[in-house]
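Spelled out from the first residue to the last, the chains are:
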Amino acid sequence: MTTTTTSHHAATRELAVQPRRRPAAFSRRTRHGFTVLSFMAPALIGILAFLVYPLLSALYFSFTRFNLLTPPTWVGLRNYGAMLHDANLLKAVENTLWLVAIMVPAQVLFGLGAGMLVASVRRGTSFYRTVFYLPALVPPVAGALAFVYILKPGAGPVNRMLSAVGIDGPLWFNDPTWAKPSLTLLALWGIGNTMVIFLAALLDVPANLHEAAALDGATGWQRFRLVTLPTLSPVIAFSAITGVIAALQYFTQAAVAASAANGEANTGGGSVASAFGDPEGSTFTYPLWLYLKGFKYNKLGYASAMAIVLFVVAFTVVAIVIRRSRSLSGEQS
Amino acid sequence: MTQLAPPRAHSHRRVPPPRSGYAARRRRRALLLFIAQHSVAIALCIMFLSPFVFIVLTSFMSSSQSLSSHYWPHSWHPGNYLAVFRKTDMPRYLWNTVLYAGLGTIFTIASSVPAAYALAKLRWPGRKVAFLAVICMMLLPPQITAVPLYSMWAYYGLTGTLWPLILPSLFGDAFSIFLLRQFMLTIPDEYLDTARVDGCGEWRTLFKVVWPMARPGIAATAMFQFFYAWNDYYGPFLYASENQANWTVSLGIASFRSLHAVAWNLVTAATVFAIVPVVVVFFFAQKAFVQGVTLTGVKG
C-alpha cells in the first residue's frame, strides 16, 4: 500500500513539472498531512499534555523537594535514597507484590476456568455468561462495601453459613492475615471481563481440531495442553498484563474495604484516608502510600520518585510478558 | 490438522465397536458429563449471585435487624432508600456523577472517533509511534502522572472540582481510541474506497460510511466510558474529596460507612443504589457490551 502511494506521488510530481496546470498551493502529500492532522490533533495534544509532559515532569520532580506552595528545589537522588530507609514503603511494596504474585494468577486461572466451563456447556452458555459477568459491572466501591458486609465477622452471612457446617470463620477484613485473601475473593467475584475474553478465544478454537485430537487418542489434558493452550497464549498474556497493571495501581478496594471494616471495629467517624492499610497495614498498597506521601504530607518530590519507580516496574513487566508470550506462541501480536 | 485426519478413519474401520453397549455407554458418559458441568456451573452461579441477594435483602431490613443473624427481613423497610437520600447529599452526588460521566463520554467520543479513524484507516508516517503512545497511555497507572497533573490543575485553580477529570476527555481517551480502532479495523477498506472514488473527503467518509458501520462499537465505547466515570473512585478522591459539594456517588457511599457508623441496612441500600443503574443499562445493551469486552482482548 505504501509503495503504491509513493509511486503515485512520484507520478504527480513528474506531472507538476509541466506548466499545464496552476501550481497547487500544497502538494498532495502536504494536503494529506493536514487531513491526518485534523483527525489526530486532539489526541496528539492529549498525548503531549497527559503522557509526555507529566512523565518528564514527574522525572524532574523526583529529583527535587516540592510541596506545591514553593517552587521545587533540586536535591539530586535524595528522594530515591530515602526510599531505601522507608519502613512504610517496604510494607507497601510487600503488600503490592503479594497482590501481583497471588491475586493476579488466581484471577487469570479462575477466569480461564470459568471461560472453559461456559464454553464446554452445551446449553445455557449465554445464561451462564451473563451471570458470571454481572459482578464485573459492580462499581468497585459498592463491591468492596458488599464484601465487607457479607464477610462481616460474627453475624455476617458467610460466617453464619460456615458455622452452620461447623467451621469457625475467620475475621476476614478485620484480621491482618485474612484481609488480602478477602480482597482476592472480591477480585475473583469480579472476574467477568477476563472470563468473556477467554470465552471468545475458546470459541475460536476450531472444533474439528479437538475432535481430530480426541479420535487420535489424546487425553483431555493433552488436548488442553496441545490444542487449547497454544491458541490461548496471546489472551493469557493480555490478561496477565492487564492484571499486573491493575494490581500495581490497586487503590479503591483496599481503601474502601479498610475504612468500612475499620468503622465496624471502632464505630467511629473519620475520613477514608485515616483508615488506609487497616488492619495493621495488611492492605497498605503502594498507591495508598504514594497518595498519602504526595497529597496528605505534601512530599510531592518523594511521591514523584515513587511514581517513577512504579513506571519502570510496570513497563518492565509488560515488556517481559510480551516477549515471553511471543516466544511461546511464535507469532507477533 | 490434515496429519491427524487419516489415522482417525483408519482406527474407525479396524475396531468396529460392539453396537448397543458402546452407544449406551457413550450416552451415559455424556449424561454424567452434562450433570457434572451443570452442577459446577450452577454452584458458581449461586456464588456469583449470593452477594447481590444478601445486600438487597439487608437493604430492606430495620437497622436493628441488620445487625442480627437473619437472612430474611422480618418486616420490609423500603424507607431505607429514602433515608439514604435524606442522610446524605445524594441528589447532588448523582448530579455530579451524571455531569462527570455524561460530559466525559460526549467529549471522549467526539475526540476519540477521528483519532481512531486516522489510526485504523489512514496511512501516514508516525502512525505506529502514535498507536504505541496510545497503548502506553492506556497501560499507564494514573498514580504515575498524578503529581504533575495535580499541580497543573492546582495552577489553574481547578482542584476541588471534577473538571480535571472531564476536560482531558476533550483530548482523546486512550482506551476508547484503542477500542474504536479495533472496531474500525473490521470494516472492509472497499467501502471507504468506494466513497473516496465518489469524491468524498476523509471527514465525509468518516461520517457517511464509517460512523454508521461502527455504530455498535461507538455505543460500546460510550458505555464503557460512562461506566468508567460512574465507577471511578480514585479520580474524584484525588481531585474532589476536599470539597463535598463536588462529590460523586462513589465518594458519597464510600464515606457513608464511616459517617453513619453501623447502619448496615443503609449502607447496603446505598450500595444497591450505586449498582442498579449500571446493571439496568447492561441488560439493555448486553450484546454490544460483550462484543466490546471481547474486542479489547484481540491484540492488533
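From a predicted model like this one, the values you see are computed outputs, not experimental measurements.

Parameters and conventions
- Residues numbered from 1 in each chain as written.
- Chains lettered and ligands numbered in written order.
- Predicted model: local features only at pLDDT ≥ 70, side-chain atom pairs only at ≥ 80, totals over all residues.
- Heavy atoms only, no water.
- Domains from an automatic or database assignment.
- Buried area = accessible area lost by both parts, 1.4 Å probe.
- Salt bridge = Lys/Arg side-chain N within 4 Å of Asp/Glu carboxyl O.
- Polar contact = N/O pair within 3.5 Å; in protein donor to acceptor, adjacent residues only side chain to side chain.
- Contact = heavy atoms within 4.5 Å.
- Helix = DSSP H or I, 4+ residues; strand = E, 2+ residues; numbered from the N terminus.
- Nonpolar A, V, L, I, M, F, W, Y, C, P; charged D, E, K, R; others polar.

### Thoughts on the domain arrangement of chain A
Interface size is commonly expressed as the accessible surface area that is lost when the partners come together.
All names here are of chain A.
Move 1: If you check the domain split of chain A, you get domain 1 (2-61) and domain 2 (81-332).
Move 2: Taken over both partners, the interface formed by domain 1 and domain 2 buries close to 350 Å², and the fraction arising from carbon and sulfur atoms is 80%.
Move 3: Area buried by domain 1 at its contact with domain 2 is led by Leu-55, Ala-58 and Phe-61, which between them contribute 83% of it.
Move 4: Joining domain 1 to domain 2, the criterion identifies 0 salt bridges.
Move 5: Linking domain 1 with domain 2 are 0 residue pairs in polar contact (both at pLDDT 80 or more), by the criterion used here.

### Some words on the interface of chain A and chain B
Move 1: Counting residues at the interface gives 98 residues for chain A, matched by 97 residues for chain B.
Move 2: For the chain A and chain B pair, buried surface summed over both sides reaches about 8800 Å², with 79% attributable to carbon and sulfur atoms.
Move 3: Sorting the residues of chain A by area buried against chain B places Phe-39, Phe-50 and Tyr-149 of chain A first, and these three jointly supply 9% of that buried surface.
Move 4: Here chain A and chain B share 0 salt bridges between them.
Move 5: Residue contributions to the side of chain A that touches chain B peak at 20 residues, all from helix H2 (residues 28-61) of chain A.
Move 6: Class assignment for the residues of the side of chain A that touches chain B results in 73 nonpolar, 19 polar and 6 charged.

### Some remarks on the domain arrangement of chain B
Residue and element names in this part refer to chain B.
Move 1: Annotation of chain B at the domain level lists domain 1 (21-80) and domain 2 (88-295).
Move 2: Between domain 1 and domain 2, the C-alpha centre-to-centre distance is 34 Å.
Move 3: With 11 residues of domain 1 at the contact, the number on the domain 2 side is 9 residues.
Move 4: Carbon and sulfur atoms make up 75% of the surface buried where domain 1 meets domain 2, a total of about 790 Å² over both sides.
Move 5: Three residues stand out in domain 1 for area buried against domain 2, namely Ile-55, Ser-59 and Asn-80, and they jointly supply 48% of the buried area on that side.
Move 6: In this assembly, domain 1 and domain 2 are joined by 0 salt bridges.
Move 7: Where domain 1 meets domain 2, there are 3 residue pairs in polar contact (both at pLDDT 80 or more).
Move 8: In terms of residue count, helix H2 (residues 19-58) provides more of the side of domain 1 that touches domain 2 than any other element does, 4 residues in total.
Move 9: Class assignment of the residues belonging to the side of domain 1 that touches domain 2 gives a composition of 5 nonpolar, 6 polar and no charged.

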